[in-house]
Amino acid sequence: MPYPAVEAVRDAVGPDMEIMVDANQAWPIHGFSEYPTWDLKRAMVTARELEALGVAWLEEPLGMYDYDALSTLTASTALNISGGEMNSDIFEFRELIGRRCYDILQPDVTLSCGILNGKKIAGMAEAAGLSLNPHTWTNGIGLAANLHLMGAIPNCTYCEFPYEPPGWVPEARDAMLARPFDIDGEGYVHLPEAPGLGIEVDMEKIRAHGEKIL
Ligand SMILES: [Mg+2]
């Protein structure tokens, strides 16, 4: 089965940059566009192909509650399987971790669990020898909240942040902030050091946006 998009990205970025693939099968977002629903066999074939292409992880290849199939898939491949952005609270993650559904847990503190439960989930994952890389595809406030979890746990290996030029750039993602987060030339984002979430919400920008809507 060919994967021209992944092959094209590999050609574009070269052999050293890690590539992650998101199948978006865990929760129903088909309203955005039409795409196929995967079953376990499809996920296993895809994982085998992506492993050969040197992909770092395959994200959400099956339904968010399909614990048995996820466990079978993850045990069947050396490719890292990740997910959990819309699973909630500590109890669903207890199942995902206990059944080893994923190699990498991806709760989002704004969607899944909050910062405190994110810390608890990270501890459960750490004890199971698993990584936790939060999903952060929201905005500057969500990125700030997830950064605080990332900075407080030892088993976070990547910081995911929304970045998709030309439209989804820091100025758009962080439009409600007095200052957008700066991603440095090496691809690092620095933890905020100010009190609270470490961000300053620009109420003038928010009010101006609200008036346009009204
Ligand atoms: Mg995802």
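Notes on the structure in this doc start here. (Residues numbered from 1 in each chain as written. Predicted model: local features only at pLDDT ≥ 70, side-chain atom pairs only at ≥ 80, totals over all residues. Heavy atoms only, no water.)

Around the magnesium ion, the protein contributes the donor atoms Asp22 (OD), Glu59 (OE) and Glu85 (OE), which lie 2.0 to 2.2 Å from the metal centre. Here the donor residues of the magnesium ion are spaced in sequence according to D-x36-E-x25-E. A residue pair is termed long-range when its members are at least 10 positions apart, and aspartate 22 in strand E1 (residues 20–22) and glutamate 85 in the loop between strand E3 (80–83) and helix H4 (89–98) qualify at 63 residues. For glutamate 85, a relative accessible area of 3% corresponds to the buried category. (Donors = N, O, S within 2.8 Å, 3.2 Å for Na, K, Ca; no water. Helix = DSSP H or I, 4+ residues; strand = E, 2+ residues; numbered from the N terminus. Buried < 20%, exposed > 50% of the residue type's maximum accessible area, 1.4 Å probe, protein only.)

In contact at an axis separation of 9 Å, H4 and helix H5 (residues 109–127) are set at 30 degrees when each is read in the N-to-C sense. Classified by the interaxial angle, the pair formed by H4 and H5 is roughly parallel. Judged by the twist between their axes, the crossing of H4 over H5 is right-handed. Between H4, through Asp89, Ile90, Phe93, Arg94 and Ile97, and H5, the contact on the second element is made entirely by Ser112, Cys113, Asn117, Lys120, Ile121, Met124 and Ala125. (Axes fitted to C-alpha atoms, helices over the stretch in contact; angles between N-to-C directions. Parallel < 35°, antiparallel > 145°, perpendicular 65-115°, else oblique. Left-handed = near helix turned anticlockwise from the far one by under 90°. Contact = heavy atoms within 4.5 Å.)

Scanning all chains against the criterion turns up six salt bridges. The partner of arginine 179 in a salt bridge is glutamate 200, and the shortest N-O contact between them spans 3.7 Å. Of this pair, arginine 179 sits in the loop between helix H7 (170–173) and helix H8 (203–213) while glutamate 200 sits in the loop between H7 and H8, placing them 21 residues apart in sequence. Overall, the relative accessible area of 45% leaves glutamate 200 in the partly exposed class. (Salt bridge = Lys/Arg side-chain N within 4 Å of Asp/Glu carboxyl O.)

It is worth spelling out the pairing of E3 at this point. For strand E2 (residues 57–59) and E3, the ladder comprises three bridges, and the chain directions are parallel. Each residue of the ladder has a partner; that of tryptophan 57, found in E3, is asparagine 80. This β-α-β element, E2 to helix H3 (residues 67–76) to E3, shows right-handed connectivity. As paired elements, E3 and strand E4 (residues 104–105) share two bridges and run parallel to each other. Across the sheet, glycine 83 pairs through a bridge with leucine 105, a residue of E4. Read from E3 through H4 to E4, the crossover connection turns out right-handed. (Pairing = 2+ DSSP bridges. Right-handed = clockwise from strand over helix to strand, strands pointing away.)

On to the nonpolar core. Core analysis: the largest hydrophobic core is formed by 34 residues, its most contacted members being Leu50, Leu58, Leu96 and Leu105. Elements with a contribution of two residues or more to this core: helix H2 (40–52), H3, H4, H5 and helix H6 (140–150). With five residues, the top contributor of residues to this core is H5. The residues contacting leucine 58, other than those within four sequence positions of it, are Val21, Ala23, Trp38, Ala47, Leu50, Leu79, Asn80, Ile81 and Ser82. Formed by nine residues, the second largest nonpolar core is a distinct cluster that contains Leu147, Met150, Phe181 and Val189. (Core = buried A, V, L, I, M, F, W, Y, C linked by side-chain atoms within 4.5 Å.)

Where nonpolar side chains cluster on the molecular surface, the patch consists of Ile141, Val201, Met203 and Ile206 and spans about 280 Å² of accessible area. The residue valine 201 is located in the loop between H7 and H8 in this model. Given the relative accessible area of 32%, valine 201 is considered partly exposed. (Patch = residues over 30% accessible without salt bridge, like charges linked within 9 Å, V, L, I, M, F, W, Y side chains within 5 Å. Areas by Shrake-Rupley, 256 points an atom, 1.4 Å probe, with all protein chains shown as cover.)

With respect to the secondary-structure elements, glutamine 25 resides in the loop between E1 and H2. Sequence separation between glutamine 25 and valine 201 is 176 residues, and the spatial gap between their C-alpha atoms is 34 Å. What glutamine 25 contacts, discounting residues up to four positions off in sequence, is Tyr35, Pro36, Thr37, Trp38, Glu60, Pro61, Leu62 and Gly63. A distance of 2.9 Å separates a polar side-chain atom of glutamine 25 from the backbone oxygen of proline 36. (Polar contact = N/O pair within 3.5 Å; in protein donor to acceptor, adjacent residues only side chain to side chain.)

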